[in-house]
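Survey of secondary and tertiary structure
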Amino acid sequence: MSFGEYGSFESPLMLDANCSATSLSVELNEGWNYVSTNLMPDDYAIANLFDAALDGALLKALGDADFALGNSYTPGIPSVFNSLQSHSDAAGYVIKLNSAATWTSQGMPLEASNTPLDLNEGWNIIGYVPQVALSVETALASIEGNVGTVIDGQNGTVWNPANPNEFNSLLNLEPGRAYWLRMLEAS
């Protein structure tokens, strides 16, 4: 084992461990919103992820671990009636608010390359895992050829790989948002 001097004033060696927790803030509208987090929260309970973070503005949350909207959470009712109990990494959610609010999630950043998506054939609601906005083609490059359509349910924009780009209204995928993804095959 040897030791040496690395870097100098003329040629510094920069280390960026980026091992600290961060936060993601998303502006939400009154009514229905499509959301996700690209962070690993300290507490995966839906009540803490949405209800506590939105300070009484949450009316309902829909989602589940299978990239569908089969489970729901409603604040204030007994937990036995809430089928959506915990968050899953890379999951997308549709939440309803009684007023506009800012939703903030906190935790360690997810790594897209270490967060597998076991997508079903047909429609899936997915969260956006990368830490920066990317073009649809770049964000979905690992499943290229298996994507039928992507829809941003929040504003109705659509991307279809069969269309020329000038006919696609959805150009980028962004942190904090959830998207409908139609898969041609399970992946």
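The paragraphs below set out a description of the structure included in this document. What you are looking at is a predicted structure, and each value in this text was computed from that prediction instead of being measured. (Residues numbered from 1 in each chain as written. Predicted model: local features only at pLDDT ≥ 70, side-chain atom pairs only at ≥ 80, totals over all residues. Heavy atoms only, no water.)

Here's the deal with the overall build of the protein chain
Here is the rule: Runs of E in the DSSP output that reach at least two residues are strands. Runs of H or I that reach at least four are helices, and both are numbered from the N terminus. Burial status follows relative accessibility: with a 1.4 Å probe on protein chains alone, a residue under 20% of its type maximum counts as buried, one over 50% as exposed, and anything between as partly exposed. To measure how exposed things are, a 1.4 Å probe is used in the Shrake-Rupley method; for residues, cover is taken only from the protein chains shown.
Across its full length, the protein chain carries two helices and 13 strands. Here the protein chain, with 187 residues, has 39% of them falling under the buried criterion. Only carbon and sulfur atoms are counted for the fraction: they give 52% of the accessible area of the protein chain, which is about 10,500 Å².

Things to note about the nonpolar core
Worth spelling out the cut-off: Each nonpolar core is a collection of buried residues, namely Ala, Val, Leu, Ile, Met, Phe, Trp, Tyr and Cys, held together in the definition by side-chain atoms within 4.5 Å. Contacts are assigned to residue pairs with any non-hydrogen atoms lying within 4.5 Å of each other.
Leu28, Phe50, Leu54, Tyr93, Ile95, Leu97 and Trp103 are the most contacted members of the largest nonpolar core, which has 20 residues in total. Secondary structure elements with two or more residues in this core: strand 1 (22-28), helix 1 (46-52), strand 4 (58-63), strand 6 (93-97) and strand 7 (101-109). Setting aside residues up to four positions removed in sequence, Leu54 forms contacts with Leu28, Ile95, Leu97, Ala101, Thr102 and Trp103. Counting residues in each nonpolar core, the second largest holds 15 residues, with Phe67, Ile126, Tyr128 and Val147 among its members.

Some remarks on the sheet that holds strand 6
The condition is simple: Note on pairing: DSSP must find at least two bridges between two strands before they are called paired. Here, axes are lines fitted to C-alpha atoms. For helices the fit covers the stretch in contact, and angles between N-to-C directions go from 0 to 180 degrees.
The four strands lie next to each other as 2-6-4-5, forming an open sheet whose pairing is antiparallel. Two strands in the sheet have a free side with no partner beyond their single neighbour: strand 2 (31-35) and strand 5 (71-73). For this sheet, the mean inter-axis angle between neighbouring strands, taken without regard to orientation, is 20°. Taken together, the four bridges between strand 4 and strand 6 define a ladder with antiparallel strand orientation. In the sheet register, Leu58 faces strand 6, and the bridge partner there is Leu97.

Examining the pairing of strand 7
When strand 1 meets strand 7, the two strands line up antiparallel, connected through seven bridges. Note on strand 7: the bridge partner recorded for Ser25 is Thr104. Sheet topology note: the strand 3 (residues 39-40)/strand 7 ladder contains two bridges and is antiparallel. Its bridge partner being in strand 7, Leu39 is matched across the sheet by Pro109.

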